[in-house]
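These are the residues of each chain, in order.
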Amino acid sequence: MLLTPALETDYAEVINLVNLAYRGRGEAASWNVETGVLEGQRMNESLLREELANKPLGQLLTCREGPDRELMGTVWLEPKADGVWYLGTLAVRPDMQKRQLGRELLAAAETFAKVRGGRRIRMTVLQVRTALIAWYERRGYTLTGETEPFPYGDDRFGRPLRDDLHFVVLEKDIDISEIQH
């Protein structure tokens, strides 16, 4: 698996993948789509460019089996204070999920942060996405008890279909010694 920073030429592929992974429908949909929670696009080019411009230390990473191969996954990593890295927008091609690519991508993202001084990964997930929260918990993430408000009135990430949404915060300590073999 090759995890590399996204180039501008990757943006269209990344946008299509994220929209399919988060909001896809039918047989091609992911096991963890946001159906019944949010609708509309999860990402578009102007939103992606805005996020990249506003968070210059963040890394939008792509996952491929090799150079010039098809995009299989993507993830956002952003260093914060004190060795904490924020992880977001983890997306895997739905037709690749049975290969446990999500696990591999998450582990590769953790390693990416570790070798850059990361000691903890932090993320937010909508509280109603219980299957996804459980998936992260099986990978060593724990709920912190913290919550963050849902940005009602800001439809850039889609239109909410519920009025009770908020984010829960999950964290995982990562240890550099695990990758120093």
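Predicted model only: the values in this text are computed from it and were never measured.

Caption draft 1: Highlighting the pairing of strand S6 (residues 120-126). Taken across its seven residues, S6 has six buried, putting it largely inside the fold. For the crossover from strand S5 (residues 84-92) across helix H3 (residues 101-114) to S6, the handedness is right-handed. As paired strands, S6 and strand S9 (residues 166-173) are joined by seven bridges and run antiparallel to one another. When the sheet's bridge partners are listed, Arg122 is paired in S9 with Glu171.

Caption draft 2: Representation of the sheet that holds strand S7 (residues 142-149) in the model. Spatial strand order, S1-S3-S4-S5-S6-S9-S7: seven strands in an open sheet with mixed pairing. This sheet does not close on itself; its edge strands, each paired only once, are strand S1 (2-5) and S7. In this sheet, neighbouring strand axes are inclined to one another by 30° on average, regardless of whether the strands run parallel or antiparallel. Bridge count between S1 and strand S3 (residues 59-64): four bridges; the pairing is antiparallel. Note that in S3 the partner of Thr4 across the bridge is Thr62. With respect to the sheet, helix H4 (residues 130-138) is in contact with S5, S6, S7 and S9, its orientation differing from that of S6 by roughly 165°.

Caption draft 3: Layout of the nonpolar core. Ranked by size, the top nonpolar core spans 29 residues in total, and within it Leu77, Leu87, Ile121, Tyr136 and Leu170 carry the most contacts. Looking at this core, the elements with two or more residues in it are S3, strand S4 (73-79), S5, H3, S6, H4 and S9. Beyond its immediate sequence surroundings of up to four residues, Leu170 is in contact with Ile121, Arg122, Met123, Val125, Ile133, Tyr136, Glu137, Tyr141, Thr142, Leu143 and Thr144. Of all hydrophobic cores here, the second largest spans 14 residues; its members include Ala6, Ile15, Leu17 and Leu60.

Caption draft 4: Focus on helix H1 (residues 11-23). Between the first and last C-alpha of H1 there are 18 Å, a value that for 13 residues agrees with the 18 Å anticipated at 1.5 Å per step. Residues Tyr11, Val14, Ile15, Leu17, Val18, Asn19, Ala21, Tyr22 and Arg23 constitute the buried set of H1.

Caption draft 5: Seen up close, the environment of Asp155. If you trace the backbone, Asp155 turns up in the loop between S7 and strand S8 (159-160). Classification of Asp155 by relative accessible area gives partly exposed; the value is 46%. When the C-alpha positions of Asp155 and Met72 are compared, they lie 27 Å apart, and in sequence the two are 83 residues distant.

Caption draft 6: Seen up close, unusual backbone geometry. In the Ramachandran plot, Asp82 falls in the positive-phi region, its phi being about 55° despite a non-glycine side chain. Here Asp82 lies in the loop between S4 and S5. Residue classification places Asp82 among the exposed residues on the basis of a relative accessible area of 65%. Positive phi outside glycine occurs at Thr89, with the angle close to 50°. Take Thr89: it is sitting in strand S5.

Caption draft 7: A look at the pattern of salt bridges. By the definition in use, this model includes 21 salt bridges. The closest approach of N and O atoms between Arg122 and Glu171, which form a salt bridge, is 2.4 Å. Here the residue Arg122 occupies a position in strand S6, and Glu171 occupies one in strand S9, the gap between them amounting to 49 residues. You can call Glu171 buried: its relative accessible area is 18%. Across the pair Asp154 and Arg156 runs a salt bridge whose closest N-O atoms are separated by 2.9 Å. Arg156 gets classed as partly exposed once you look at its relative accessible area, which sits at 34%. Overlapping salt bridges, with partners in common, bring together Arg120, Arg122, Glu146, Glu171 and Asp173 in one network.

Reading the values: rules and limits
- Residues numbered from 1 in each chain as written.
- Predicted model: local features only at pLDDT ≥ 70, side-chain atom pairs only at ≥ 80, totals over all residues.
- Heavy atoms only, no water.
- Buried < 20%, exposed > 50% of the residue type's maximum accessible area, 1.4 Å probe, protein only.
- Helix = DSSP H or I, 4+ residues; strand = E, 2+ residues; numbered from the N terminus.
- Right-handed = clockwise from strand over helix to strand, strands pointing away.
- Pairing = 2+ DSSP bridges.
- Axes fitted to C-alpha atoms, helices over the stretch in contact; angles between N-to-C directions.
- Contact = heavy atoms within 4.5 Å.
- Core = buried A, V, L, I, M, F, W, Y, C linked by side-chain atoms within 4.5 Å.
- Expected span 1.5 Å × (residues − 1).
- Salt bridge = Lys/Arg side-chain N within 4 Å of Asp/Glu carboxyl O.

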